[in-house]
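The lines below spell out each chain.
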Amino acid sequence: MVCDRNCGLIAGAVIGAVLAVFGGILIPVGDMLIENKVKKEVVLEEGTIAFKNWIKTGTEVYRQFWIFDVQNPEEVAVNSSKIKVKQRGPYTYRVRYLAKENIIQDPKTHTISFLQPKGAIFEPSLSVGTENDTFTVLNLAVAAAPHLYPNAFIQLILNLFIKKSKSSMFQKRTLKELLWGYTDPFLNLVPYSIPNTVGMFYPHHNTSDGVYKIFSGKDNVSKVAIIDSYKGKKNLPYWPSYCGMINGTDGASFPPFIEKTRVLQFFASEICRSFYAVFGAEINLKGIPVYRFILPSMVFASPLQNPDNHCFCTEKILSKNCTLYGVLDIGKCKEGKPVYISLPHFLHASPEIAEPIEGLNPNEEEHSTYLDVEPITGFTLRFAQRLQINLLVKPARIIEALRNLKQNYMVPILWLNETGTIGDEKANMFRNQVTEKINLLGLVEMILLSVGVVMFIAFMTSYCTCRSKSKLGKCNKNHIQLH
């Protein structure tokens, strides 16, 4: 009987030890299986989950616009008063809904080249008005004329056409005209071969923003989706088309197995530069754990604080020799036009920049940019990219429409919020294929390890206790009766 009890206790301890060891072994083995599966599915090649979603995103992406409607155009043009603006919006368009075109895969370099067609569909149900709503905004052609043509004689000629067309510093335009283009009456009179269509995003419809070449990740998963070249330019600094690095991906996905210490880089072709985001928080998105990466204020810092911005500061007077912060000059990729980008309502910008403008209310929660990335796969499941587009206007002695100005203005035209969130159906599929399987494996590992350790300790403790009592003749009644 002593043997039966002791043997049972030893057997229980052995079983516990085996379970604990198996659970311990399953942790690295399970992690390896997950890693191999993820490495296979995130590669951009036919048959993978990543490739299917890359060709045409299953997530609905929207671009919301808020227009800064100028309330006192005459006061500004005549007396150089502060510009009073009233934000109107959102006006919402669905974008990024077209599949990629001209896809060419190169198995030797493990790269893919493609075109991303552009399109925008107005969404009335998500907008406060129609595309025919009218706004008082800066006259884009008149404001840009002195910058594009600094020669005094040419400005004299241009001033004649501005007056003849009855153009002024401000104009009334519909939403559709302002965004997608209109024939400018002043430029239409110029008898030279210059574009006479103006718009904040012209041309857009039925166009693409250039040929991308990205890495498929077939040979090295840490390079998946990273841009190798754009418009034939390699992933390195070049000027004047772009200043700074073409770094990272397009933001739709990143190389997998993301740690909180990683800095995510993504390239935005429309504003001619790469941005970076840093870890902000862990959150839960539709039952999926994600890391939120945020755009830090340092991205828009002055070149003194962030040397990467040195070539985005070209206006030495307004910027006080590049010591001001919060706006970046992207005129080099906008054909020399005085276009500047910032965060909405000049969030994190020097107070001097927003001082001539009334009606701005910067808000961290509403105006910051973030990406919610699933850390194992590197897929971006939700994002909000928020930027403001501004034009620099200076006094121009020869251009009568700008002659009365006594100060420089960084005039906000609009700000946008491009956002996308994984749909419920896609989120459910992702949970089933990724999240729940990983959670289940982790749960099994912990149960085996925990139960095994508890069993081993419990049975070994009982065995040792029984052995100790047996020596005193107290462990087993049958054992006592034999004596």
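This is a predicted model, so every value here is computed, not measured.

Draft legend 1. Up close: the overall build of the chain. Check the secondary structure of the chain and you find eleven helices and 21 strands. Counting only residues that meet the buried cut, the chain has 48% of its 483 residues in that class. When contacts within the chain are restricted to residue pairs at least 6 apart in sequence, long-range pairs at least 24 apart make up 64% of them. With the model as given, the accessible surface of the chain reaches about 23,900 Å², and the carbon-plus-sulfur share is 57%.

Draft legend 2. Fine view of the side chain of glutamate 418. For glutamate 418, the position within the fold is in strand β21 (residues 409-421). Within the structure, glutamate 418 has its side chain in polar contact with the side chain of arginine 96 (distance 2.6 Å). If sequence neighbours within four positions are ignored, glutamate 418 has contacts with Val61, Tyr62, Arg63, Val95, Arg96, Phe383, Ala384 and Gln385.

Draft legend 3. Here's a closer look at empty space enclosed by the protein. Applying the stated criterion to the full structure yields three cavities of 30 Å³ or more. In this model, the second largest cavity occupies a volume close to 80 Å³. For the lining of the second largest cavity, the per-class residue count stands at eight nonpolar, two polar and one charged.

Draft legend 4. Fine view of helix α5 (residues 152-164). With 13 residues, α5 extends 19 Å from end C-alpha to end C-alpha; this agrees with the ideal 18 Å at 1.5 Å per step. Where α5 is concerned, the buried positions are Gln155, Leu158, Asn159, Phe161 and Ile162. Projection of α5 onto a plane perpendicular to its axis shows the buried side chains occupying an angular sector of 165°, all on one side. Pointing more than 90 degrees away from the buried face of α5 are the exposed residues Phe153, Leu160 and Lys164. Its buried side turned inward, α5 meets α4 (140-148) and α7 (185-189). In the segment just after α5, lysine 166 is the residue with positive phi, at about 60°.

Draft legend 5. Broad picture of the pattern of salt bridges. If you walk through the whole model with that rule in mind, you get twelve salt bridges. When the shortest N-O distance is used, the salt bridge between arginine 63 and glutamate 418 registers 2.6 Å. Here arginine 63 is found in strand β1 (residues 61-70), whereas its partner glutamate 418 is found in strand β21, with 355 residues between them in sequence. Salt-bridge contacts for lysine 163 lead to glutamate 400; the nearest nitrogen and oxygen are separated by 3.1 Å. Of this pair, lysine 163 sits in helix α5 while glutamate 400 sits in the loop between β20 (380-393) and β21, and the two are 237 residues apart along the sequence. Exposure remark for glutamate 400: the relative accessible area of 35% places this residue in the partly exposed category. Residues joined in a network through salt bridges with shared partners are Arg63, Arg96 and Glu418.

Draft legend 6. Just the pairing of strand β10 (residues 208-215), in detail. Where strand β4 (residues 111-117) meets β10, six bridges bridge the pair, whose relative direction is antiparallel. Bridge pairing in β10 places leucine 115 opposite valine 211. Pairing of β10 with strand β11 (residues 227-230), which is carried by three bridges, proceeds in the antiparallel orientation. What sits directly across from lysine 213, in β11, is serine 229.

Draft legend 7. Local environment of a nonpolar patch on the surface. On the surface, Phe153, Ile154 and Leu156 cluster together into a nonpolar patch covering about 300 Å² of accessible area. Tracing the backbone through its elements, the reader meets isoleucine 154 in helix α5. The exposure class of isoleucine 154 is partly exposed, given its relative accessible area of 35%.

Draft legend 8. Quick peek at the sheet that holds strand β12 (residues 233-234). Taken in spatial order, the five strands make up an open sheet running β3-β4-β10-β11-β12, and their pairing is antiparallel. Each edge of the open sheet is held by one strand with a lone partner, namely β3 (101-106) and β12.

Draft legend 9. Spotlight on the UniProt feature "transmembrane region" (unreviewed entry) in the chain. The UniProt feature table records "transmembrane region" (unreviewed entry) at residues 7-27, 140-162 and 438-460. Secondary structure over residues 140-162 splits into 87% helix and 0% strand, and the C-alpha atoms at its two ends are 12 Å apart.

Draft legend 10. Summary view of the environment of phenylalanine 201. Inspection of the secondary structure puts phenylalanine 201 in the loop between β9 (197-198) and β10. Between the C-alpha atoms of phenylalanine 201 and leucine 178, which are 23 residues apart in sequence, the distance is 8.2 Å. Contact partners of phenylalanine 201, with chain neighbours within four places excluded, come to Arg63, Phe65, Leu179, Trp180, Glu270, Ile389, Leu414 and Leu416.

What counts, and at which threshold
Residues numbered from 1 in each chain as written. Predicted model: local features only at pLDDT ≥ 70, side-chain atom pairs only at ≥ 80, totals over all residues. Heavy atoms only, no water. Helix = DSSP H or I, 4+ residues; strand = E, 2+ residues; numbered from the N terminus. Buried < 20%, exposed > 50% of the residue type's maximum accessible area, 1.4 Å probe, protein only. Contact = heavy atoms within 4.5 Å. Areas by Shrake-Rupley, 256 points an atom, 1.4 Å probe, with all protein chains shown as cover. Polar contact = N/O pair within 3.5 Å; in protein donor to acceptor, adjacent residues only side chain to side chain. 1 Å grid on protein atoms, 1.4 Å probe; cavity = no way out; pocket = protein on both sides within 12 Å on 5 of 7 lines; lining within 4 Å. Points joined across faces, edges and corners; volume = space filled by probe spheres on them. Nonpolar A, V, L, I, M, F, W, Y, C, P; charged D, E, K, R; others polar. Expected span 1.5 Å × (residues − 1). Arc of directions from axis to C-beta. Salt bridge = Lys/Arg side-chain N within 4 Å of Asp/Glu carboxyl O. Pairing = 2+ DSSP bridges. Patch = residues over 30% accessible without salt bridge, like charges linked within 9 Å, V, L, I, M, F, W, Y side chains within 5 Å. UniProt positions renumbered as here; feature names shortened; annotations may be inferred.

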